[in-house]
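Structural overview
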Amino acid sequence: MTANSRESPGLETQRGEVQTLLRDRQLRAGDSWYVLERRWFEQWKEFVEKGDQNSFPPGHIDNSKLFEDLDSYHLKKHLVENEDFVLLPAEAWHKLWSWYGLEDGQPPLERKVVDLPSTLKVEVYPVEIFLCLHSNMEKVITAQFSRVDSIQSIQRWMCDAFMVPPASESRLWMKSLDSSCERLRNVNVSVLEACLSSHMTVIMETRDADGTWPSSRPQIARTSEEDQDLYRGHPGVCGLTNLGNTCFMNSALQCLSNTPPLTDYFLRSCYMEELNFSNPLGMKGEIAEAYADVLKQMWSGRHQSVVPRVFKTKVGHFASQFLGYQQHDSQELLSFLLDGLHEDLNRVKHKEYIEVRDANGRPDREVAEEAWHNHCRRNDSVIVDTFHGLFKSTLVCPECHSISVTFDPFCYLSVPLPVSKNRVMEVFFVSLDPYAKPVQHRVVVPKAGKVSDLCSALSENTDIPAVQMVVADVFKHRFYKIYSADEALSCILDRDDIFVYQLSVQQGEPVLLAVYLRELSSASSYRTSLFGHPLILNLPPTHCSSEQLYQLILHRLLRYVQPPDPSEELEEEEEDDEEEQYRSQSNGISDDEGGGDSAGSAHSESSCERLGSSQSDGHTVTELCPHLNHTLASLAPSDEATNEKSLNLTDSASVCDADRSTDNTAISANNANDGTDTGRTSEPAADLWPPSDITQEDGKWGGACPPGPEANQQPAKRKWCRKRRRCLFSVEAVNANGTTEKGERGTTGTYSSQSYVAIDWDPEMKVRFYNEQEAEKYVKDPSMDVCEEQDTLGLHDCIKTFTTKETLEEDNPWYCPVCKKHQLANKKLDLWSLPEVLIIHLKRFSYSRFTRDKLDTTVEFPLRGLDFSDFLLKKDPTNEEPPSRYDLIAVSNHYGGLRDGHYTSYAQNKDDGLWYYYDDSKVTNAREEQIMTNAAYVLFYRRQDKIRKPSVLVPDTSPAC
């Protein structure tokens, strides 16, 4: 390299200019200095100091002694400043080079001043890096870069060196000496900040045509270019694989993917220039890059479905609530994603502190413009450009009536559903009348009401006092729960089978007895299975014998339990000789001592105190609850007609091994001993047992057993017959689940205020006398014929409710600056300005202390021309403001309940203008009339002035994907 053609100045001038530059030199980070061979520089100084034009000149600048070889021009190692070389500032070097030139072929040795942790220093030895492409790692280029050079400069150098097309998107990986690789995410940092040192390798990879990165694909899954080109689909019409309960994430991603301004921003790789790695509120650009990767794959047209595994991992890493594979809310993920993308792409690198000023009576337009300006001073991104709007918040103190007005930005609108405060419930009413079928009623109750409100509403339909009702949830033939009157109705779900039982009027604190129906196993009496509808009885607090309890339960089953005919062989016969009988009587109370007879003794042995159970190990209610001994009349319904029926039926399960008069006498004696006053002392036998001459009538059974021997009869030694009637079922104490506690069978116990028993049926007896079809029958009250009002409302109604004045709740008061205390102020929200893309979240999920419920109300929303002009406060008569009409572009749907729900989405493709239905990996064509359903959860609208015509015209007859 030769010097410039212009003539060199005099020697004195050369010496003065260079000395001045060397004397005034000062190291500044980033400045360029040059390495010069010391002997050449010493010869130049001697040449200019002597001032003799005839002295030997130094000739061309020659640094050959500093190089290891003249092929690579690498500096020799361990060169020492002022011994092997000198450092000249750039101005001094350029003067010498212009006067003397440089030896042909030799490069100028330019070096940078670097800011090391403790000092500024000229970087004589730069970082020497090996460079290669991911697609061809055999071809390696060596290059040197200063520690203050940016990673982006390395990327550009590699694109030029490897002739990468300018439109290709590339990224860099840093490979250490131990072969570990790390992504160079922030291309704006320096080599020093990226910890890139000599002899490390930088690998560049370019995005494939299908939107994937070569390094992201498993090696075994990599296919040839011909295989990748087999599938060709519409860009954006691509499913997302469900990784396990990730339908909520897929639904949100599909809606955002079909938001044109945001998708175009990422597809054009504009995000690469705006990644913010220094934002403490961001995710170091990782969320933005992960979203870009998924988006570019979906819009490459090379995939039917994309697996968003990396994106899911990144989301869980930065938002722990989304870790694992539980079901979540698509709107919650959408909120996190928009906020994360905004912070990762925020153009404001250093957020300044801004003090918010109160309105103080200033015009709304002035306060709104100030608020938006302050917002943009700290927040400036594609998310703000696309999704952020402004609403006005007005707070009025209820005490001093001071007004506070603020303008706040929003990214989406969460609007409530103005549904009724009442609730329609369907219940089954079970009357005390044993012949009445359960009646299904539809009643209207307050949503925030109690179980007592349900009873009151049902009382109006039935004319039965609410205090005579008990509400229970029946599930799988047992009581899932028996509710108290003060429990909240929110505990009862719409899908629950609710039964309301009428109770008899009792004095004092009655016993609430739950009765289950069980069938005994033919193999073992310990194995049982529940069947039929359970019952609830209201027993008096006084004593009740086992026979009376049996009769009371049987009385309640008369509609579907067919009484046996007296002629049927339901009697058990036993024969004993006189000695056996005498031995039996001697064991107990003799005839003369007890005033009883052999028949009375037989009655005590063979009565239904064992509840008629033929099982040898069954409980007796007398054993379980010896104090339950009362007349049947006190247990029967108060209605006289009902009592008459029960009186004709009480003999159905009575023990028929003694004459009727003896039975009546014994029972009357028992009542007298108990001291119980039934109110029918004149004829207790008539209340308990019908006379012996009552016969079967109208299918009802009530005949008496044959009379037994006289009480004082003492026959000679002979065979004699003792008969007893078998009961239809036995009664056993059980737990709330309808099972007998292990080890408790046959033990004694007492009934509490709410107890459980089971009536056990022998399979043969159940088949003969239990009518299953009749037991399942019920009738519908006329209230069931009234068509339930269809829960439909318009989207304008939801927005109107959103902008309606409300009073703050107690757990969220407002601090009044005038009163100097927290107040439950009146609050009103109004829309001031709307964004290009408006996201409307329908608040379908309601919360209470006990439940989290979903509102399945159908919200009617327009697909085109949603007009906000009635809600916008920002008015401009010159019509310079953007239009307030919007068109629908996407919908996130939620089907089912909270735990077993499923998310899908409808979206309009930005290129072909057609609607598609996205259900995880499955994508199908959709018609516009299919879009509006009661599953719509999050709506995406775009302002009409931003809508463009489809760029790709696809006929409506195109097949589903």
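Residues numbered from 1 in each chain as written. Predicted model: local features only at pLDDT ≥ 70, side-chain atom pairs only at ≥ 80, totals over all residues. Heavy atoms only, no water.

Some details on the overall build of the chain
Along the chain, the regular secondary structure elements total 25 helices and 41 strands. Taken over 961 residues, the chain has a buried fraction of 48%. Of the contacts made within the chain by residues no fewer than 6 positions apart, 74% connect residues no fewer than 24 positions apart. (Helix = DSSP H or I, 4+ residues; strand = E, 2+ residues; numbered from the N terminus. Buried < 20%, exposed > 50% of the residue type's maximum accessible area, 1.4 Å probe, protein only. Contact = heavy atoms within 4.5 Å.)

Considerations on the sheet that holds strand 28 (residues 806–807)
An order of 13-12-31-28 is seen for the four strands of this open sheet, with the pairing classed as antiparallel. The sheet is open, and its two borders are formed by strand 13 (403–410) and strand 28, each paired with just one other strand. Both strand 12 (residues 389–396) and strand 31 (residues 826–833) contribute to a ladder of seven bridges, which runs antiparallel. In the sheet register, Leu 390 faces strand 31, and the bridge partner there is Ser 833. Here helix 12 (residues 364–378) sits on the sheet in contact with strand 12, strand 13 and strand 31, set at roughly 40° to strand 13. (Pairing = 2+ DSSP bridges. Axes fitted to C-alpha atoms, helices over the stretch in contact; angles between N-to-C directions.)

Notes on the sheet that holds strand 8 (residues 181–184)
An order of 6-5-9-7-8 is seen for the five strands of this open sheet, with the pairing classed as mixed. Each of the sheet's edge strands pairs with one partner strand only, and the pair in question is strand 6 (136–145) and strand 8. This sheet shows a mean twist of 30° between the axes of neighbouring strands, independent of strand direction. Relative to strand 9 (residues 201–206), strand 7 (residues 170–175) runs antiparallel, the two being bridged by six bridges.

Brief notes about the pairing of strand 5 (residues 127–133)
Across the seven residues that make up strand 5, a large majority, six, are buried. Where strand 5 and strand 6 come together, six bridges link them in antiparallel fashion. What sits directly across from Val 127, in strand 6, is Phe 145. Here strand 5 folds back onto strand 6 in antiparallel fashion, the turn holding two residues. Relative to strand 9, strand 5 runs parallel, the two sharing four bridges. Residue pairing across strands places Leu 131 opposite Val 202, the latter belonging to strand 9.

Considerations on the pairing of strand 2 (residues 85–89)
Taking burial as the measure, the five residues of strand 2 include five buried ones, the bulk of the element. Burial along strand 2 is two-sided: Phe 85, Leu 87 and Pro 89 facing one way and Val 86 and Leu 88 facing the other are all buried.

Let's talk about helix 15 (residues 546–556)
Burial analysis of helix 15 places eleven of its eleven residues in the buried class, which makes it a mostly covered element. Those residues of helix 15 that sit buried are Ser 546, Glu 547, Gln 548, Leu 549, Tyr 550, Gln 551, Leu 552, Ile 553, Leu 554, His 555 and Arg 556.

Quick notes on the nonpolar core
If you look at the biggest cluster of nonpolar residues, it comprises 56 residues, and the most contacted ones within it are Leu 256, Phe 266, Tyr 291, Phe 311, Phe 387 and Phe 940. Of all the elements, helix 9 (residues 286–298) adds the most residues to this core, at eight residues. Setting aside residues up to four positions removed in sequence, Leu 256 forms contacts with Leu 262, Thr 263, Tyr 291, Leu 334, Leu 337, Leu 338, Phe 387 and Phe 940. Listed in part, the 35 residues of the second largest apolar core include Leu 795, Leu 831, Leu 863 and Tyr 941. (Core = buried A, V, L, I, M, F, W, Y, C linked by side-chain atoms within 4.5 Å.)

Focus: helix 3 (residues 90–100)
All buried positions along helix 3 are accounted for by Ala 90, Ala 92, Trp 93, Leu 96, Ser 98, Trp 99 and Tyr 100. Considering only its buried residues, helix 3 is in contact with helix 1 (11–23), strand 1 (32–37), helix 2 (38–50) and strand 2. Note on helix 3: the residue one or two positions beyond its end, Gly 101, has a positive phi of about 80°.

Describing the side chain of Arg 942
In this structure, Arg 942 sits in strand 41 (residues 936–943). You can call Arg 942 buried: its relative accessible area is 6%.

Here we look at a negative patch on the surface
On the surface, Glu 806, Glu 809, Glu 810 and Asp 811 cluster together into a patch of negative charge. In this structure, Glu 809 sits in the loop between strand 28 and strand 29 (814–816). (Patch = residues over 30% accessible without salt bridge, like charges linked within 9 Å, V, L, I, M, F, W, Y side chains within 5 Å. Areas by Shrake-Rupley, 256 points an atom, 1.4 Å probe, with all protein chains shown as cover. Salt bridge = Lys/Arg side-chain N within 4 Å of Asp/Glu carboxyl O. Lys, Arg positive; Asp, Glu negative; His and termini not counted. Charge placed at Lys NZ, Arg CZ, Asp CG, Glu CD.)

Remarks on the packing of aromatic side chains
What the rule picks out here adds up to 28 aromatic pairs. With a centroid separation of 5.7 Å and 80° between ring planes, the pair formed by Trp 40 and Tyr 100 is classed as edge-to-face. You can see Trp 40 sitting in helix 2 and its partner Tyr 100 sitting in helix 3, a full 60 residues away along the chain. Here Trp 40 matches Tyr 100 in class, with each residue buried. (Phe/Tyr/Trp six-rings, centres within 6.5 Å; stacked < 30°, edge-to-face > 60°.)

Overview of the packing of helix 6 (residues 247–257) against helix 9
One can describe the packing of helix 6 onto helix 9 by two numbers: an axis separation of 11 Å at closest approach and a directional angle of 70°. On the basis of their axis angle, the class for helix 6 and helix 9 is roughly perpendicular. Of helix 9, the residues touching helix 6 (which contributes Leu 253, Gln 254, Leu 256 and Ser 257) are Tyr 291, Leu 295 and Met 298. (Parallel < 35°, antiparallel > 145°, perpendicular 65-115°, else oblique.)

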